[in-house]
Amino acid sequence: MQKLESLIQEASALSNAAAEQEVARIMQICNACRYCEGFCAVFPAMTRRIDFASADVHYLANLCHNCGACLHACQYAPPHDFGVNVPMAMARVRQETYMHFAWPQMMGELYKTNGLAVALGASVSIMAFLLLALALNGRFFGGVLEGNFYAVFPHNTLVWIFGSVFTFAVLSLAIGVTRFWRQISSGKASGAAVAEATHDVLTMKYLGGGHGEGCNNADDAFSLWRKRFHHFTFYGFMLCFAATSVATVYHYFLGLHAPYAVDSLPVILGTLGGVGLVIGPIGLLYLNIQRDPMHGDESQKPMDRAFIVLLLLISISGLGLLIYRDTVAMSIWLVVHLGFVMGLFLTMPYGKFAHGIYRAAALLKNAVEKRQKNTLQLGSD
Amino acid sequence: MVDVLVIGGGNAALCAALMAREAGASVLLLEAAPKVWRGGNSSHTRNLRAMHDGPQDVLLGTYSEDEYWDDLLKVTGGLTNESLARLVIRSSSTCRSWMMRHGVHFQAPLSGTLHLSRTNAFFMGGGKALVNAYYRSAEKLGVQVRYEAPVNSIEMKDGKFIAAYIGDERIEAKACVLAAGGFESNLDWLKEAWGKNELGEYPADNFLIRGTRFNMGTLLRHMIDSGADSIGDPTQAHMVAIDARAPLYDGGICTRIDCVSLGVMVNKNAKRFYDEGEDFWPKRYAIWGRLVAQQPGQTAYSIIDSKALGRFMPPVFDGEQADTLEELADKLHLDRATFLKTIHDFNAACVEGTFDHTALDDCHTVNLVPPKTHWARRIDIGPFYAYAVKPGITFTYLGLKTDQDAAVYFNDKPSDNLFVAGEMMAGNVLGKGYTAGIGMTIGTVFGRIAGVSAARAAIQHRELVDAKA
């Protein structure tokens, strides 16, 4: 096992090298130009360096929000001889870092075929839940259950299945991001740095384009929609997470068991979250299809879209479950919903979900680094 | 028939088109380049020099009309038309709000531009972002834009513009703005202008063009040949010393070599030829293109030692590196003995002082010709580095004579409906030399004026905004 891991690591190091060299080449050109300084954090972070070693490249690639502004503003963008395309070069390295830092290492390979992995994960999960339901009580099509999910799947079974997979996903992501942080980090994060990074994450500051008019999507015009749809998606997800957390507290500490009333806190949170998770992913998918192909790594679109669609299917099936929970169709909606949620959990550490975690770490590093003394004395141009 | 035809697709042309359209004229803009290369040299710019009476948005302190005028007088040595120059200076204070309305964003100057934070307003993302914003605004306002439409001649009748020709295609308009740039991309013209030097070389053979490949000067030559009054010397241009490995066209800002004032500059004969420490780099860097153009082979080498590392803007290409001065001389194919003597003489002439590359410090040479008046420190700690440089032309100053209304002159008489803006007339204000951001200021101010003048000429009896107000 150890040997296999090291072989995989070697192979991925070789393929990383080309992508990393391209970022280093581009950063040397950008560092001599610097016209993009105002757009995002990548360029000021770049000016604190003269060389771009692997760790620097990993850090900068994850600090890049793939907004596209620097590409449209670039006097050296293709067809110029220098062929500077920062968003594309960064996107390639970003994916390499997810693979490189993934735990277990061999699972990192999943990033390459993520679209397929997500689809398979979700469908296999649905089938598993279907079979599980039949095996448990054989009353999968068993009439109106008045919204009682636990009549289909006992509560403890669900807790056991989801709890273990979720714990693994969190552990896997935590190990990955810790490896990443150890490589890029120097210095301790002060309270102020943590506060700034948190603010930048929660407001998605760098999707504002540096001037508050947003980033680029289909062309050189700025748009706030990418930022808005990200917000719908992110906060929708967080509300759903909060709904589950509140329900857990209700269940274990207040002795209140599901199904909860339509006007109860878990249902309100879940419904709002579900609506956000419908609007956000639909918008992001539309923008993703409209997007200028120069903005990123075309080969990663299956990963982007699979993740977006999965989120959308989770929210639609969740809302469907709410609407039809008092009908015969409840069991079907439940199986489908749980299947998609499980699909997300299974692929979370090896899919697009990871981008948020790595980006947050890069933003924290940026907030730490900004507070450190710059050792370069470039004077003036 | 369209009201106003704008020939050119850079900053000045766009300003003219937008102003003419805002004044109610129908406008057609003809850009010679394909869309991906649109914007001419404006794509390579970064800021404009702006007068201001107090701290204003991105500008610090005060930059008065008189100080601005003094700066211009210094670099041009008096080769400027004072009334037009003062018009440019005064108007520069009111451009920015109009620019912002058309989508241009400004940003506070950040690293590497400390000396310009008072006098210059920086475009967020640089000149290409500005050009993109103007094109978007122009499209929104209904300005028609045609790419790959190089105009090669125009038809005049009794001093009035009638039509422009793209090859055989004839385009009529009621008024016209010429803003098609200088001739710096035309190597044959540069060669003809610069001629042969005393060594029998054609200096222009070694020139690099920092900007667009589309400024062939076709229309400028056509106008001069058709009797338009011209101004300026064809050898005068904004010229800086850039990395000798820069591409022939469009090298832009990143090919500059920023370490000249930290070391010494030697020519192919391994000899120094000018005071490298005369003043701060932003103030002096525009003189080095001409200085290098006057050296044999139009090549020079900026030599630094390890003490200078990390104190200048990172160069786009790695420098030549050597552990000893002897090895460096060999790598540069310079005569070893002469090179060593040059460095030795320089080192011996350096006076110990307090080095500070952010101020005009007291490190200088004594009894050395030419002297190095600041930042003179011995070149003695290896590894040593060298950057070969060549002259890089940004834009040429030969242009058409004009007035406060941006009119083109024929035999000292202004045309009623033909106007000029940008590089095609910048020589009226900038007879020689250069100071950062002045090109964009002239282009913006005269582009705006030309646009209004053309709209006024095209649409009679209509009240129009005054771009000079």
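Each remark here, short or long, concerns the structure printed above.
> Quick question: what am I supposed to make of the overall build of chain A here?
Within chain A, the secondary structure is distributed over 13 helices and two strands. On C-alpha atoms alone, chain A measures out to a radius of gyration of 23 Å, which is about the 21 Å that the 2.2 N^0.38 rule sets for 381 residues. Taking the principal axes of the C-alpha coordinates as reference, chain A spans close to 75 × 50 × 40 Å. Within chain A, the proportion of its 381 residues that are buried is 54%. By sequence separation, contacts in chain A at least 24 residues apart represent 76% of the contacts at least 6 residues apart. A total of about 16300 Å² of accessible surface is found on chain A, and carbon and sulfur atoms cover 68% of it. Here chain A holds 26 positive side-chain charges and 24 negative ones, and the gap between their average locations is 5 Å.

> Even after reading the chapter, I still don't get the pattern of salt bridges, so can you show me in this structure?
Side-chain pairs of opposite charge can arise where the charged atoms are in close proximity. All chains considered together, the criterion is met by 38 salt bridges over all chains. Two residues, B:Asp345 and B:Lys341, come together in a salt bridge whose shortest N-O distance is 2.7 Å. Of the two residues, B:Asp345 and B:Lys341 are both situated in helix H11 (residues 336–349); the distance of four residues between them amounts to about one turn of the helix. A residue is classified by how much of its surface remains accessible, and B:Asp345, at 30% relative accessible area, is partly exposed. Residue B:Lys341 is classed as exposed on the basis of its relative accessible area of 51%. Where salt bridges share partners, they join A:Arg48, A:Arg49, A:Asp56, A:Lys365 and A:Glu369 into one cluster.

> Would you mind going over the pairing of strand E16 (residues 384–396) of chain B with me for this structure?
Where a strand is regular, its side chains alternate between the two sheet faces. Residues and elements named next belong to chain B. For E16, the tally of buried residues reaches twelve of 13 residues, placing the bulk of the element in the interior. By the bridge criterion, two bridges tie strand E10 (residues 208–209) to E16 in an arrangement that is parallel. Across the sheet, Leu208 pairs through a bridge with Gly392, a residue of E16. One ladder, built from seven bridges, connects strand E12 (residues 237–243) with E16; its direction is antiparallel.

> Could you clarify how one ought to interpret the packing of helix H11 (residues 301–323) of chain A against helix H12 (residues 330–347) of chain A in this entry?
Working note: a packed helix pair is described by the angle between its axes plus the distance between those axes. Residue and element names in this part refer to chain A. Between H11 and H12, the least distance of the axes is 9 Å, while the angle of their chain directions is 150°. Viewed along their axes, H11 and H12 adopt a mutual orientation that is roughly antiparallel. Of the two possible hands of crossing, H11 and H12 adopt the one that is left-handed. On the side of H11, the interface is formed by Phe307, Leu310, Leu311, Leu313, Ile314, Ile316, Ser317, Gly318, Gly320 and Leu321, while H12 contributes Met330, Trp333, Leu334, Val336, His337, Phe340, Val341, Gly343, Leu344 and Thr347. Here the contact of H11 with H12 is composed, by residue class, of 14 nonpolar, six polar and no charged.

> Please explain the interface of chain A and chain B as it appears in this structure.
Frequently, the measure chosen for interface size is the accessible area that the parts lose on association. Facing 36 residues of chain A, the contacting portion of chain B comprises 45 residues. Taken together, the two surfaces of chain A and chain B that pack against each other cover about 3500 Å², and 54% of this comes from carbon and sulfur. On inspection of chain A and its partner chain B, the count reaches three salt bridges. One salt bridge in this structure joins A:Asp220 and B:Arg136, with 2.5 Å as the shortest N-O distance. The interface formed by chain A and chain B contains 17 residue pairs in polar contact (both at pLDDT 80 or more). Elements represented by at least two residues in the side of chain A that touches chain B include exactly helix H1 (2–33) and helix H4 (69–73) of chain A. When residues of the side of chain A that touches chain B are assigned to their parent elements, the largest contribution, five residues, is made by H1(A). Residue composition of the side of chain A that touches chain B, grouped by class: 17 nonpolar, 13 polar and six charged.

> Teacher, can you tell me more about helix H12 (residues 438–458) of chain B here?
Residues spaced three or four apart along an α-helix point in a common direction, a consequence of the helix completing one turn every 3.6 residues. Given a rise of 1.5 Å per residue, 21 residues ought to cover 30 Å, and the 30 Å separating the end C-alpha atoms of H12(B) matches this to within 8%. Among the 21 residues in H12(B), 19 count as buried, and that is most of the element.

> Whenever I open this one, the nonpolar core confuses me. Can you help?
Looking at soluble globular proteins, one finds that nonpolar side chains tend to be buried together. Core analysis: the biggest nonpolar cluster contains 137 residues, and B:Leu5, B:Met99, B:Val177, B:Leu178 and B:Phe446 have the highest contact counts within it. Sort the elements by how many residues they give to this core and H12(B) lands first, with twelve residues. Not counting chain neighbours up to four residues away, the residues in contact with B:Val177 comprise B:Val4, B:Leu5, B:Val6, B:Ile7, B:Ala16, B:Phe419, B:Ala421, B:Ala450, B:Gly451 and B:Ala454. Counting 96 residues, the second largest nonpolar core, distinct from the first, contains A:Ala24, A:Phe39, A:Phe153 and B:Ala129.

> What should I look at first to understand the packing of aromatic side chains in this one?
Two aromatic rings are characterised by how far apart their centres lie and by the angle between their planes. All names here are of chain B. Using the criterion set out here, one finds 31 aromatic pairs over all chains in the structure. On the numbers, 5.9 Å between centres and 40° between planes, the contact of Tyr135 with Tyr147 is tilted. One end of the pair, Tyr135, is in helix H5 (residues 127–141); the other, Tyr147, is in the loop between strand E6 (144–146) and strand E7 (153–157), with twelve residues separating them in the sequence. On the basis of relative accessibility, which here comes to 0%, the residue Tyr135 falls in the buried class.

> Explain the environment of A:Asp304 here, please?
Residues and elements named next belong to chain A. Structurally, Asp304 can be placed in helix H11. In this structure the C-alpha to C-alpha distance between Asp304 and Asn156, which are 148 residues apart in sequence, comes to 33 Å. Each residue touching Asp304, except ones within four places of it in the same chain, is listed here: Asn288 and Lys352. Of note is the side chain of Asp304, whose polar atom sits 3.1 Å from the side chain of Lys352.

> Even after reading the chapter, I still don't get unusual backbone geometry, so can you show me in this structure?
As a rule of thumb, non-glycine residues mostly have phi less than zero, and peptide bonds are mostly trans rather than cis. Residues and elements named next belong to chain B. A cis amide bond, omega -15°, links Val369 with the succeeding residue Pro370. As for its position among the elements, Pro370 is in the loop between H11 and E16. Backbone torsion omega between Gly382 and Pro383 reads -5°, so that peptide bond is classified as cis. With respect to the helices and strands, Pro383 occurs in the loop between H11 and E16. Positive phi outside glycine occurs at Glu148, with the angle close to 50°. Relative to the helices and strands, Glu148 is located in the loop between E6 and E7. On the basis of relative accessibility, which here comes to 58%, the residue Glu148 falls in the exposed class.

> Quick question: what am I supposed to make of the side chain of B:Asn41 here?
Residues and elements named next belong to chain B. When you line up the elements, Asn41 lands in the loop between strand E2 (27–30) and strand E3 (47–49). Judged by relative accessible area, Asn41 falls into the buried class, the value being 10%. Reaching out from Asn41, the side chain makes a polar contact with the backbone nitrogen of Thr212 at a distance of 2.7 Å. Aside from chain neighbours lying at most four places away, what touches Asn41 is Glu184, Gly211, Thr212, Asn215, Thr394, Phe395 and Glu423.

> How should helix H7 (residues 155–184) of chain A be read in this particular structure?
Residue and element names in this part refer to chain A. For H7, with 30 residues, the first-to-last C-alpha span of 42 Å sits near the 44 Å given by 1.5 Å per residue. Residues of H7 that are buried: His155, Leu158, Ile161, Phe162, Val165, Ala169, Ser172, Leu173, Gly176, Val177, Phe180 and Ile184. Contact partners of the buried residues in H7: helix H3 (54–63), helix H5 (86–101), helix H6 (114–137), helix H9 (225–254), H12 and helix H13 (354–370).

Parameters at a glance
Residues numbered from 1 in each chain as written. Chains lettered and ligands numbered in written order. Predicted model: local features only at pLDDT ≥ 70, side-chain atom pairs only at ≥ 80, totals over all residues. Heavy atoms only, no water. Helix = DSSP H or I, 4+ residues; strand = E, 2+ residues; numbered from the N terminus. Rg over C-alpha atoms; globule rule 2.2 N^0.38 Å. Buried < 20%, exposed > 50% of the residue type's maximum accessible area, 1.4 Å probe, protein only. Contact = heavy atoms within 4.5 Å. Areas by Shrake-Rupley, 256 points an atom, 1.4 Å probe, with all protein chains shown as cover. Lys, Arg positive; Asp, Glu negative; His and termini not counted. Charge placed at Lys NZ, Arg CZ, Asp CG, Glu CD. Salt bridge = Lys/Arg side-chain N within 4 Å of Asp/Glu carboxyl O. Pairing = 2+ DSSP bridges. Axes fitted to C-alpha atoms, helices over the stretch in contact; angles between N-to-C directions. Parallel < 35°, antiparallel > 145°, perpendicular 65-115°, else oblique. Left-handed = near helix turned anticlockwise from the far one by under 90°. Nonpolar A, V, L, I, M, F, W, Y, C, P; charged D, E, K, R; others polar. Buried area = accessible area lost by both parts, 1.4 Å probe. Polar contact = N/O pair within 3.5 Å; in protein donor to acceptor, adjacent residues only side chain to side chain. Expected span 1.5 Å × (residues − 1). Core = buried A, V, L, I, M, F, W, Y, C linked by side-chain atoms within 4.5 Å. Phe/Tyr/Trp six-rings, centres within 6.5 Å; stacked < 30°, edge-to-face > 60°.

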